[in-house]
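Okay, here's what each chain looks like letter by letter:
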Amino acid sequence: IRLNGIFSLTGGYQAVSFSRRVERDKLAWIYMSDAARVVDVMLTADGVVTGADGAVESSSGPSQSVRQLQAADDDPAVAEAYRILGLQPSPSWTEYYKVYEVLREACGGSDSDLSKRTGVSQRRIEQLTATSNHQLLSGDEARHAAMKGAPSLRRKITKDEGRAIVNDLIRGFA
């Protein structure tokens, strides 16, 4: 679930499930299975540098994904955020709002505290919460079906913008 949560923030991602378990050793995640599977794999290199002689020099550190897994290991709020995001094949405004709540509570309970900790502006946080909540901003995916009042349409953000704000909140928190 945690891996699905991490990769749900990248866009263009399709959730995966395992018939058995995933174990972690010192350097890798290992999928345990007794059956062959056909999979599409996309590999990306982070920080690969070649010298003048063409030799590959070591990278400057772990990949972004490994850093995210480490942050989840180090902080229960980050682990919970990724768990929430990984529960659904495609996180909705409800999951985005839950992540916001978990991180806000973990750093003091206010949007101001969350903004200071993460570096995400209070304006962006308010756009996330307003769009998550109000049916006039996010339609059928809103957390509420009949909120009173008409919010400013300037507060409306797209799902991609919401995902980016959640990603920034988690990265800034960790």
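As the structure is a computational prediction, the values presented were derived from the model and not from experiment.

**Student:** What is the right way to read the overall build of the protein from this model?
**Tutor:** Each helix and strand counted, the protein has eight helices and four strands in total. Starting at the N terminus and walking to the C terminus, you meet the elements of the protein as α-β-β-β-β-α-α-α-α-α-α-α. A total of 174 residues make up the protein; the buried ones form 33% of that total. Restricting to contacts in the protein with at least 6 residues of sequence separation, those with at least 24 account for 54%. For the protein, the exposed surface amounts to about 10,800 Å²; the carbon and sulfur share of it is 51%.

**Student:** Looking at this structure, how should I read the confidence of the model for the protein?
**Tutor:** In low-pLDDT regions, the fine details of the predicted coordinates are not to be read closely. Here the protein shows a mean pLDDT of 81. Residues at 70 or above account for 74%. Low pLDDT, under 50, characterises residues 30-43; the predicted model gives this stretch 15 contacts beyond four residues in sequence or across chains.

**Student:** For this particular structure, what's the right way to read the packing of aromatic side chains?
**Tutor:** When we look at a pair of aromatic rings, we describe it by the centre distance and by the angle of the planes. Scanning all chains against the criterion turns up two aromatic pairs. On the basis of an interplanar angle of 90° and a centroid distance of 5.8 Å, the ring pair of Trp93 and Tyr96 is categorised as edge-to-face. You can see Trp93 and its partner Tyr96 sitting in helix 4 (residues 93-106), three residues apart, about one turn around the helix. Tyr96 carries the same exposure label as Trp93, and that label is buried. Above the ring of Phe173, the side-chain terminus of Arg117 is found at 3.7 Å from the ring centroid. Here the guanidinium or amino end of Arg143 rests over the ring plane of Tyr97, the centre of that ring lying 3.8 Å away.

**Student:** For this particular structure, what's the right way to read the side chain of Gln68?
**Tutor:** On the secondary structure map, Gln68 appears in helix 2 (residues 64-74). We classify Gln68 as buried; its relative accessible area is 7%. Ignoring any residue separated from it by four or fewer positions in sequence, one finds Gln68 in contact with Ile6, Tyr82, Asn167 and Arg171.

**Student:** Please explain the packing of helix 2 against helix 3 (residues 76-86) as it appears in this structure.
**Tutor:** Axis angle and axis distance: for two packed helices, these are the angle between their axes and the distance between the axes, and together they describe the pair. At a minimum axis separation of 5 Å, helix 2 and helix 3 run at an interaxial angle of 120°. As far as their axial angle goes, helix 3 and helix 2 are oblique. From helix 2, Gln68, Ala71, Ala72 and Asp74 reach across to helix 3, where they touch Pro76, Val78, Ala79 and Tyr82. Of the residues assigned to the contact of helix 2 with helix 3, the class counts are six nonpolar, one polar and one charged.

Reading guide: rules and limits
Residues numbered from 1 in each chain as written. Predicted model: local features only at pLDDT ≥ 70, side-chain atom pairs only at ≥ 80, totals over all residues. Heavy atoms only, no water. Helix = DSSP H or I, 4+ residues; strand = E, 2+ residues; numbered from the N terminus. Buried < 20%, exposed > 50% of the residue type's maximum accessible area, 1.4 Å probe, protein only. Contact = heavy atoms within 4.5 Å. Areas by Shrake-Rupley, 256 points an atom, 1.4 Å probe, with all protein chains shown as cover. pLDDT = per-residue confidence, 0-100. Phe/Tyr/Trp six-rings, centres within 6.5 Å; stacked < 30°, edge-to-face > 60°. Lys NZ or Arg CZ within 6 Å of the ring centre and 35° of its normal. Axes fitted to C-alpha atoms, helices over the stretch in contact; angles between N-to-C directions. Parallel < 35°, antiparallel > 145°, perpendicular 65-115°, else oblique. Nonpolar A, V, L, I, M, F, W, Y, C, P; charged D, E, K, R; others polar.

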